[in-house]
Amino acid sequence: MVQDLSGVTPDDGVPPVLEGAELAAAQQIFGERLGLAQQYVEHLATSGLERGLIGPREVPRLWSRHVLNCAVIESEFAGNATVADVGSGAGLPGLCLALARPDLTLVLIEPLERRVVWLEEVVADLGLDNVRVLRSRAEQAVGHVNADYVTARAVSALSKLVPITLPLLGGSGSLVAIKGRSAAEEVENAVKAIKKYRGHSPEIKVIGEALLEEPTTVVRIAVGAA
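Let us look at the environment of Asn146. Its place among the elements puts Asn146 in the loop between α6 (138-141) and β4 (149-153). Each C-alpha atom, one on Asn146 and one on Gly170, is 6.8 Å from the other, the two residues being 24 residues apart in sequence.

Right, dumping it as C-alpha cells:
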C-alpha cells in the first residue's frame, strides 16, 4: 500500500524553531517554564499532528499563530483563579495558560474522547498539577465546574458561545474569548444572548501589541459584579 503524502511537507512533525522576536516573547510570557512550553509544542508537532488535533500546515506556525497567541492572554486573569477552557481540543488556550500561569487552576472541557486522552497524556508528561481534564460538553459541565473565568478559542460565534459558557460562571465572573477581526460584529450579533444569560459590559481588547507581530483580540463579557 502506497502512503498518500499529499499536503505533507518534509518539516511535518518537526517543531518550529523558536528564535528572534518569538523567542523574546516566549521568554517574557513563560519565564522559567519556557522549557515546558517547548515540550508542549513538541507534543503538538508530533502526537498532536499524528492524531489529527492539528493540521500539517499549522506545524511551522505553532508558536506564532497558536501558542503565543493564546498564552499572551494570561494577563487577563486575576491571581489564583479557576479558568474553564471550553472545547479545549489541543489545549488552546487552556494548556498555554496553565504553563504561563502556574497560579491558575485550569479545567479543560472537551467532549471528544481521543482529544481527552491526548490532553491527559500531555498534562501527565509535563507534570502540570494545576490542570484537570473533563470529558464533557460545556452544557453538561454546569454545576460540576466552579469557574471564575471561562475561555474559548475557535469554538463558535459569540452568539452561540455565550449560552454554553456564561452558565459555567455560576452567576459571577467573566468570559474571555479569543476572537478575530469579526469580534465587533460578533458582539453586535450576540447582544440578545448576552442579556439573556445575564452578561454585561462586553469589551473588545487587543493584547500583546508590544510582544507579538500579530496581537490577540479577545472579547470580555462580565457576569454579576465581575
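Applying the stated rule across the entire model yields eleven salt bridges. Two residues, Glu74 and Arg101, come together in a salt bridge whose shortest N-O distance is 3.6 Å. A residue pair is termed long-range when its members are at least 10 positions apart, and Glu74 in the loop between α3 (62-71) and β1 (82-86) and Arg101 in the loop between α4 (94-100) and β2 (105-110) qualify at 27 residues. Judged by relative accessible area, which is 19%, Glu74 ranks as buried. Between Asp103 and Arg101 there is a salt bridge, with its nearest N and O atoms 2.8 Å apart. Using a relative accessible area of 13% as the deciding quantity, one classes Arg101 as buried. Three or more residues are tied together by salt bridges with common partners; here these are Glu58, Arg61 and Arg65.

To continue, consider the state of the cysteines. A full pass over the atoms with the stated rule returns zero disulfides. Cys70 forms no disulfide, and the closest cysteine sulfur to it belongs to Cys96, at a distance of 4.7 Å. Residue Cys70 is classed as buried on the basis of its relative accessible area, which comes to 0%. Cys96 gets classed as buried once you look at its relative accessible area, which sits at 0%.

The subject of this paragraph is unusual backbone geometry. The peptide bond linking Leu92 to Pro93 adopts the cis configuration, its omega dihedral lying at 10°. Topologically, Pro93 is positioned in the loop between β1 and α4. Phi at Asn80 is positive, roughly 60°, even though this residue is not glycine. Summarising the element assignment, Asn80 is placed in the loop between α3 and β1. If you check the backbone angles, Arg198 has positive phi at about 60° while not being a glycine. Tracing the sequence through the fold places Arg198 in the loop between α9 (191-196) and β6 (199-207).

Right, let's get into the side chain of Asn69. Note on placement: Asn69 falls in helix α3. By relative accessible area, Asn69 is classed as buried at 13%. Of the polar contacts made by the side chain of Asn69, one reaches the side chain of Arg153; its length is 3.4 Å. Once you skip the residues sitting within four places of it in the chain, Asn69 turns out to touch Trp63, Ser64, Arg153, Ile178, Leu212 and Thr216.

By the secondary structure assignment, Ala222 is in strand β7 (residues 216-223). With a relative accessible area of 8%, Ala222 lands in the buried category. Separated by 147 residues in the primary sequence, Ala222 and Ser75 place their C-alpha atoms 16 Å from one another. Residue contacts for Ala222: discarding those within four places in its chain leaves Gly173, Ser174, Arg198, Gly199 and His200.

With that out of the way, let us pick up the packing of helix α2 (residues 34-50) against helix α5 (residues 113-126). Direction vectors running N to C along α2 and α5 enclose 150°, while the axes themselves pass 11 Å from each other. The crossing of α2 and α5 is right-handed. Contacts between α2 and α5 involve Leu36, Gln39, Tyr40, His43, Leu44, Ser47 and Gly48 from the former and Trp118, Val122, Asp125 and Leu126 from the latter. Tallied by class, residues from the contact of α2 with α5 come to six nonpolar, four polar and one charged.

On inspection of all chains with the given rule, the structure shows one aromatic pair. Ring centres of Phe77 and Tyr149 lie 5.0 Å apart, and the angle between their planes is 85°; this geometry places the pair in the edge-to-face category. Separated by 72 residues along the polypeptide, Phe77 in the loop between α3 and β1 and Tyr149 in strand β4 bring together distant segments of the chain. The same class applies to Phe77 and to Tyr149, which are both buried.

Calculation criteria
- Residues numbered from 1 in each chain as written.
- Predicted model: local features only at pLDDT ≥ 70, side-chain atom pairs only at ≥ 80, totals over all residues.
- Heavy atoms only, no water.
- Helix = DSSP H or I, 4+ residues; strand = E, 2+ residues; numbered from the N terminus.
- Salt bridge = Lys/Arg side-chain N within 4 Å of Asp/Glu carboxyl O.
- Buried < 20%, exposed > 50% of the residue type's maximum accessible area, 1.4 Å probe, protein only.
- Disulfide = S-S within 2.5 Å.
- Polar contact = N/O pair within 3.5 Å; in protein donor to acceptor, adjacent residues only side chain to side chain.
- Contact = heavy atoms within 4.5 Å.
- Axes fitted to C-alpha atoms, helices over the stretch in contact; angles between N-to-C directions.
- Left-handed = near helix turned anticlockwise from the far one by under 90°.
- Nonpolar A, V, L, I, M, F, W, Y, C, P; charged D, E, K, R; others polar.
- Phe/Tyr/Trp six-rings, centres within 6.5 Å; stacked < 30°, edge-to-face > 60°.

Shape is all these values report; function is a separate question.
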